[in-house]
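Overview (structure and organization)
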Amino acid sequence: MRQLRTVLLRFLCVAAMLAAGLTAAGTSAHAATPNRWGFAVVDVTSGVPDLNHQAGSWPVGPTVTVSPGGVGQVFVRFPAIGIPTGGIVHVTAITDTAQWCQVQKWSMSGADEIVAVQCYRYGGVPQFAPFSIVFSESTGPLPALKAFGYVHWKPAGGGIGSQYNSSGAANAVTPLGLGTWTVRLPGLGSSGLAGNIQVTSVDPANPARCKASDWTPNPAEQKLVVRCHNATNAPFNTGWNLTYQYERAITGAGIPPKNFGYTFDNVPANPGPYMPVPPAVNYNSQPPFTNDILGAGTGLRLVTFHGIGVLQDDVQVTAYGPGPEYCNLLTTWGTFGGDAVVRDVACYNATTRVNQPSFVTYVSVF
């Protein structure tokens, strides 16, 4: 009888621990807000853009839709992933001319998220250009050795509008002078260059371009400098969005897709093909595949993400360096034999193509 009572007591203890563990796990899962994301290639000013290059965390059925605004302006509607406030947006123009696109604002409308995007020719003339766009919201921590963070700096020096840091720390922004800010992402540090950066200007009224100009990581934090310029090449105070990713997709800190990658073209005069170093800036989620870059003429770079090219997918590009140069995509990338081929990244100083360092990031829905 005593042995029976002992066995029964042990059984009840184990059952209680299991129940407690299951309850804790269930509570944790329900307490976390689901991450939301969506991307698209907007190649029309009204209707449904290219279905081969749009996807998101919404249920099966609805699609991204676009409606026209003023000259060069469109409103992109991401279905069923609206959030009351926060998140981050990046856009990249897709054109063979000296143009860029910028975010004006984003907000929730019903259950949807609507992003206003404005495109300009160099000099500040409004003109629509096709563009790629990604919207995401991140919550909660990440596993060790992964990192993701973003900052939305409000226009007109309004301070940090939204932010995320996968270490749980608070990001910080310090204005340095006209059109220049230092960004610190504590807890996401590395001993050397590692990861990828994307920057997009945010201004509802003024043409503006923004980029990353300095990157000095240390084990405690990622320290970055953002620089912005106006319709021509003058430094300019405006809003901007910055995202840092390390072994995480540009779509956010949630469960990553199987296929994604990024690279830093830090030797833009190298005719290639070459693989940027250190290896930590040239990440491919499907080793032993990697990424390489090939020169395609002055200011043109062909970037291939091997083994991860699967529709639907998205590409974003950001220039790097202290000057007014900027980059876009010459045409929409393609997928061939499992590779994603970006042909080409195009970089400009004013309207002249120039060899310029750039960050390129790729993500597939799968």
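A short tour of the structure in this document, coming up. (Residues numbered from 1 in each chain as written. Predicted model: local features only at pLDDT ≥ 70, side-chain atom pairs only at ≥ 80, totals over all residues. Heavy atoms only, no water.)

**A look at the state of the cysteines**
- Throughout the structure, instances matching the rule amount to three disulfides.
- Two residues, C101 and C119, share a disulfide whose sulfurs are 2.0 Å apart. In this structure the cystine formed by C101 and C119 twists about its S-S bond by roughly 100°; its chirality is therefore right-handed. In this pair, C101 sits in strand β6 (residues 99-109) while C119 sits in strand β7 (residues 112-121), placing the two residues 18 residues apart along the sequence. Each of the two residues, C101 as well as C119, counts as buried. (Disulfide = S-S within 2.5 Å. Helix = DSSP H or I, 4+ residues; strand = E, 2+ residues; numbered from the N terminus. Buried < 20%, exposed > 50% of the residue type's maximum accessible area, 1.4 Å probe, protein only.)

**Examining the pairing of strand β3 (residues 65-68)**
- Here four bridges tie β3 to strand β4 (residues 73-78), and the two strands are oriented antiparallel to one another. By the bridge assignment, S67 is partnered in β4 with F75.
- Between the antiparallel neighbours β3 and β4 lie four residues, among them G72 with a positive phi of about 75°. (Pairing = 2+ DSSP bridges.)

**What to know about unusual backbone geometry**
- The linkage connecting G272 with the following residue, P273, adopts the cis geometry, with an omega of 0°.
- With omega at 10°, the peptide bond leading from R343 into D344 counts as cis.
- Tracing the sequence through the fold places D344 in strand β25 (residues 339-349).
- Although it is not a glycine, A80 adopts a positive phi angle of roughly 65°.
- Mapped onto the elements of the fold, A80 is located in the loop between β4 and β5 (88-93).
- Using a relative accessible area of 38% as the deciding quantity, one classes A80 as partly exposed.

**Some words on empty space enclosed by the protein**
- Enumeration according to the criterion identifies one cavity of 30 Å³ or more in this entry.
- Around the largest cavity sit 18 residues that line it, and W100, V199, C210, Y326 and C327 are the ones nearest its centre.
- Broken down by secondary-structure element, the contributors of at least two residues to the lining of the largest cavity are β5, β6, β14 (196-202), β15 (209-215), β22 (313-319) and β23 (326-329).
- Class assignment for the residues of the lining of the largest cavity results in 10 nonpolar, five polar and three charged. (1 Å grid on protein atoms, 1.4 Å probe; cavity = no way out; pocket = protein on both sides within 12 Å on 5 of 7 lines; lining within 4 Å. Points joined across faces, edges and corners; volume = space filled by probe spheres on them. Nonpolar A, V, L, I, M, F, W, Y, C, P; charged D, E, K, R; others polar.)

**Looking at the environment of N355**
- Within the secondary structure, N355 sits in the loop between β26 (352-353) and β27 (358-364).
- With 313 residues separating them along the chain, N355 and V42 place their C-alpha atoms 27 Å apart.
- If we skip the residues at most four places from it in the chain, N355 touches P268, A269, G297, T298 and G299.
- One polar contact links the side chain of N355 to the main-chain amide nitrogen of G299, over a distance of 2.9 Å. (Contact = heavy atoms within 4.5 Å. Polar contact = N/O pair within 3.5 Å; in protein donor to acceptor, adjacent residues only side chain to side chain.)

**Some remarks on the sheet that holds strand β9 (residues 131-137)**
- Pairing is antiparallel in the open sheet, where four strands are placed in the order β2-β1-β9-β5. Pairing within the sheet leaves two strands with one partner each, and these edge strands are β2 (55-56) and β5.
- In terms of strand pairing, strand β1 (residues 36-42) meets β2 through two bridges, oriented antiparallel. Counterpart to G38 in the pairing with β2 is G56.

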